[in-house]
Amino acid sequence: QVQLVEFGGGLVQAGGSLRLSCTASGLTFSNYATGWFRQAPGKEREFVAVIKWSDTSTYYADSVKGRFTISRDNTKNTVYLQMNRLKPEDTAVYSCAAGPNLTNLRRLDNAGKYDYWGQGTQVTVSS
């Protein structure tokens, strides 16, 4: 049974930092690209970032570029999302997902491309 579990959400003041982690069981991240998405109340799910396992290529949404960094740890089968200079508009439930290792990472900004999802972790940024 495949399971993705996110950790690290919480409440932080604007300008602060959080690091989210996503750990997989029942699948090996090296066979997938791993993305982060977020969904704020009343809004559609939004792409945040994605990383390929094969060559660590990354792709970010414009709204987080320069503030967020996605990375992975092979030995722990874990993907991280380091979030710096957080803003109130970053408040959302953040979820990780595993999808195909597509050559063009831009195609992985579509949630429909992903096969497995975590349950999500709440990030709240106060002003």
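Everything that follows concerns the structure shown earlier in this document.
Along each chain, residues carry numbers from 1 onward, in the same order as the chain's sequence is written. It should be noted that, the model being predicted, local features are given only for residues of pLDDT at least 70 and side-chain atom pairs only at 80 or more, the latter also being counted only at that level, while totals for whole chains, interfaces and linings use all residues. Computation of side-chain values covers all heavy atoms of the structure but excludes hydrogens and water.

**Looking at the sheet that holds strand E1 (residues 3–7)**
And step 1. The antiparallel open sheet is built from four strands, whose spatial order is E1-E3-E8-E7. The open sheet terminates on both sides in strands that have one partner only, identified here as E1 and strand E7 (68–73). With strand direction ignored, the average angle separating the axes of adjacent strands in the sheet is 15 degrees.
And step 2. Between any two strands, at least two bridges found by DSSP are needed for them to pair. Every helix listed is a DSSP run of H or I at least four residues long, and every strand listed is a run of E at least two residues long, numbered separately from the N terminus. By the bridge criterion, six bridges tie E7 to strand E8 (residues 78–83) in an arrangement that is antiparallel. For Ile70, the partnering residue across the bridge sits in E8 and is Leu81. Helix axes use the C-alpha atoms of the stretch in contact, all axes being lines fitted to C-alpha atoms, and the angles between their N-to-C directions lie in the range 0 to 180 degrees.

**So, the pattern of salt bridges**
And step 1. One speaks of a salt bridge when a side-chain nitrogen belonging to Lys or Arg is within 4 Å of a carboxyl oxygen belonging to Asp or Glu. If you walk through the whole model with that rule in mind, you get four salt bridges.
And step 2. Between Glu46 and Arg38 there is a salt bridge, with the nearest N and O atoms lying 2.8 Å from each other.
And step 3. Residue class for Glu46 comes out partly exposed when judged on its relative accessible area of 33%.
And step 4. Measuring nitrogen to oxygen at the nearest pair gives 2.7 Å for the salt bridge that ties Asp90 to Arg67. Taken as a pair, Asp90 in the loop between E8 and strand E9 (92–99) and Arg67 in the loop between strand E6 (58–60) and E7 lie far apart in primary sequence, 23 residues in all.
And step 5. Only protein chains enter the accessibility calculation, which uses a 1.4 Å probe. A residue is then buried if its area is under 20% of the maximum for its type, exposed if over 50%, and partly exposed in between. Asp90 sits in the buried class, given a relative accessible area of 0%.
And step 6. A cluster of three or more residues bridged by salt bridges with shared partners is formed by Arg38, Glu46, Arg67 and Asp90.

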